[in-house]
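For reference, the chains in residue letters:
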Amino acid sequence: MENAKEMLEALRSEIDAADKDLLDAFIRRMEISSKIAECKKDGGIGVADPGRERHKMADITSSVDNNMRSYTQVLYSLLFELSRSYQEKINMEDSPLYCEIKAAIDANYTAFPSSARIACQGVEGAYSQIACEKLFKVPDIMYFASFENVFSAIEKGLCTYGLLPLENSTAGSVNKVYDLMMKYNFKIVRSVRLKVDHSLLACKGTDIKNIKEIYSHEQAIGQCGEFLKTLGDVKITYCENTAVAAKLVAESGRNDVAALSSHSCAELYGLSCLAPSVQDKGNNYTRFICISKGLEIYPGADKTSLMLTISHKPGSLYRVLSRFYALGINLIKLESRPIPDRDFEVMFYFDLETSIYSDEYAQLISEIGNLCEDFRYLGSYSELV
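Owing to the predicted nature of the structure, the values given are computational and were not obtained by experimental measurement. (Residues numbered from 1 in each chain as written. Predicted model: local features only at pLDDT ≥ 70, side-chain atom pairs only at ≥ 80, totals over all residues. Heavy atoms only, no water.)

Trainee: Where do I start with the sheet that holds strand E10 (residues 271-275) in this structure?
Mentor: In a beta sheet, neighbouring strands pair by backbone hydrogen bonds and run either parallel or antiparallel. Taken in spatial order, the five strands of this open sheet run E8-E7-E9-E6-E10, and their pairing is mixed. Unpaired on one side and paired on the other, strand E8 (235-238) and E10 mark the two borders of the sheet. For this sheet, the mean angle separating the axes of adjacent strands, direction not counted, is 35°. Here strand E7 (residues 213-216) pairs with strand E9 (residues 257-261) via three bridges, running parallel. (Pairing = 2+ DSSP bridges. Helix = DSSP H or I, 4+ residues; strand = E, 2+ residues; numbered from the N terminus. Axes fitted to C-alpha atoms, helices over the stretch in contact; angles between N-to-C directions.)

Trainee: In this structure, what is going on with the packing of aromatic side chains? I would like to understand it.
Mentor: Two aromatic rings, taken as a pair, are described by how far apart their centres are and by the angle between their planes. Enumeration over the complete set of coordinates arrives at eleven aromatic pairs. A ring pair is formed by Phe112 and Tyr298, whose centres lie 5.3 Å apart and whose planes are at 75°; its orientation type is edge-to-face. Of this pair, Phe112 sits in the loop between helix H4 (96-105) and strand E1 (115-121) while Tyr298 is found in the loop between strand E11 (285-292) and strand E12 (303-309), placing the two residues 186 residues apart along the sequence. Owing to a relative accessible area of 15%, Phe112 belongs among the buried residues under this scheme. Tyr298 gets classed as buried once you look at its relative accessible area, which sits at 9%. Taken together, Phe112, Phe136, Tyr161 and Tyr298 form an aromatic cluster joined through their ring pairs. In this structure, Arg190 packs its charged tip against the face of Phe112, placed 5.2 Å from the ring centre. (Phe/Tyr/Trp six-rings, centres within 6.5 Å; stacked < 30°, edge-to-face > 60°. Buried < 20%, exposed > 50% of the residue type's maximum accessible area, 1.4 Å probe, protein only. Lys NZ or Arg CZ within 6 Å of the ring centre and 35° of its normal.)

Trainee: Please explain the sheet that holds strand E13 (residues 330-338) as it appears in this structure.
Mentor: Reading across from one edge, E13-E14-E12-E15 is the order of the four strands in this open sheet, with antiparallel pairing throughout. Every interior strand has two partners, whereas the edge strands, E13 and strand E15 (374-381), have only one. Taken over all neighbouring pairs, the strand axes of this sheet differ in orientation by 15° on average, direction set aside. Where E12 lies against strand E14 (residues 346-353), six bridges are found, and the strand directions are antiparallel. Across the sheet, Thr304 pairs through a bridge with Leu352, a residue of E14. Strands E12, E13, E14 and E15 of the sheet are contacted by helix H7 (residues 175-183), whose axis makes an angle of about 85° with E13. (Contact = heavy atoms within 4.5 Å.)

Trainee: How should H4 be read in this particular structure?
Mentor: Since one α-helical turn is 3.6 residues long, residues separated by three or four positions face the same way. Regarding H4, the residues found buried are Leu97, Tyr98, Ile101, Ala104 and Ile105. Within H4, the buried residues cover an arc of 115° as seen down the axis, which keeps them to one side. Packed against the buried residues of H4 are helix H13 (359-367) and E15. (Arc of directions from axis to C-beta.)

Have a look at this one:
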């Protein structure tokens, strides 16, 4: 045992010495990279040189044993990315996008507005209304039948903002909203996280044993699967919104139908609550985004959303992710969405956690266009929880 401990300490000392050599070599490599950056800048040469990187990677990996080849490839892929990032930082000029963002930051939006006209999908009693009232002190809400109509209302100037569900903690993302964010060039100005409690609502005098049909939104149905099994063989009818479902039940006058909706809809539509909080998980949250036609950035913004289209080549996504890592930017969400009318091509949705005032944020925004074929900046904002 003592011999093992002594050997371990000796090996750790060797590791420490190797780390010092490695660090010295890394610093020297980056210093040389900075000189290369200056040469490229003077010669009007772009930072990225894929051909040079491929040749160097092939040369390096061919000089090591097979059991170390994959590790060496990972190491040098990261070194190449760090070198590119450092060179681009040296040569960086503020991109038009960053200048636009900086102008929005400097526009003196001192606080998020307390009142505005907001477009929501559904009817009175919808979860979007509850989220809207959490975000705005005095909201003037206009309801629309579909998510696309919310976007159209903002496009036409009928409303200043729109509030839309983007993802649920148990049912996942609202894909239609992602698709519309790709279609419209709107910006996210704030987000809010809302705890969702679904109740089974029916006309007064209804016995739960007589329920033959359930109305609700598709995601609410998915969030209450275990409870629905207890009702036996009931028909499921999807609605545009949980509040719409409650309204339809109230208007039907039937005693064999019920709605999965918010408890507040019971009083609003004169219904009885047959069973409260019937979702499968107690920690059921939906994240809503507040969108606007123009870019607005408010103090405290620490989240940024992007959509990127990258080339269909090995390592393309890794190159983007490694840049986030190299800049110390935390990735909190990654979602892929098919691009309409383009077979087998996808756009990636990223949520990043980083201060808009940091140098790393400025560098990322100024460099991001060089990492992908196309990208959309969706806004920088804070989230109310």
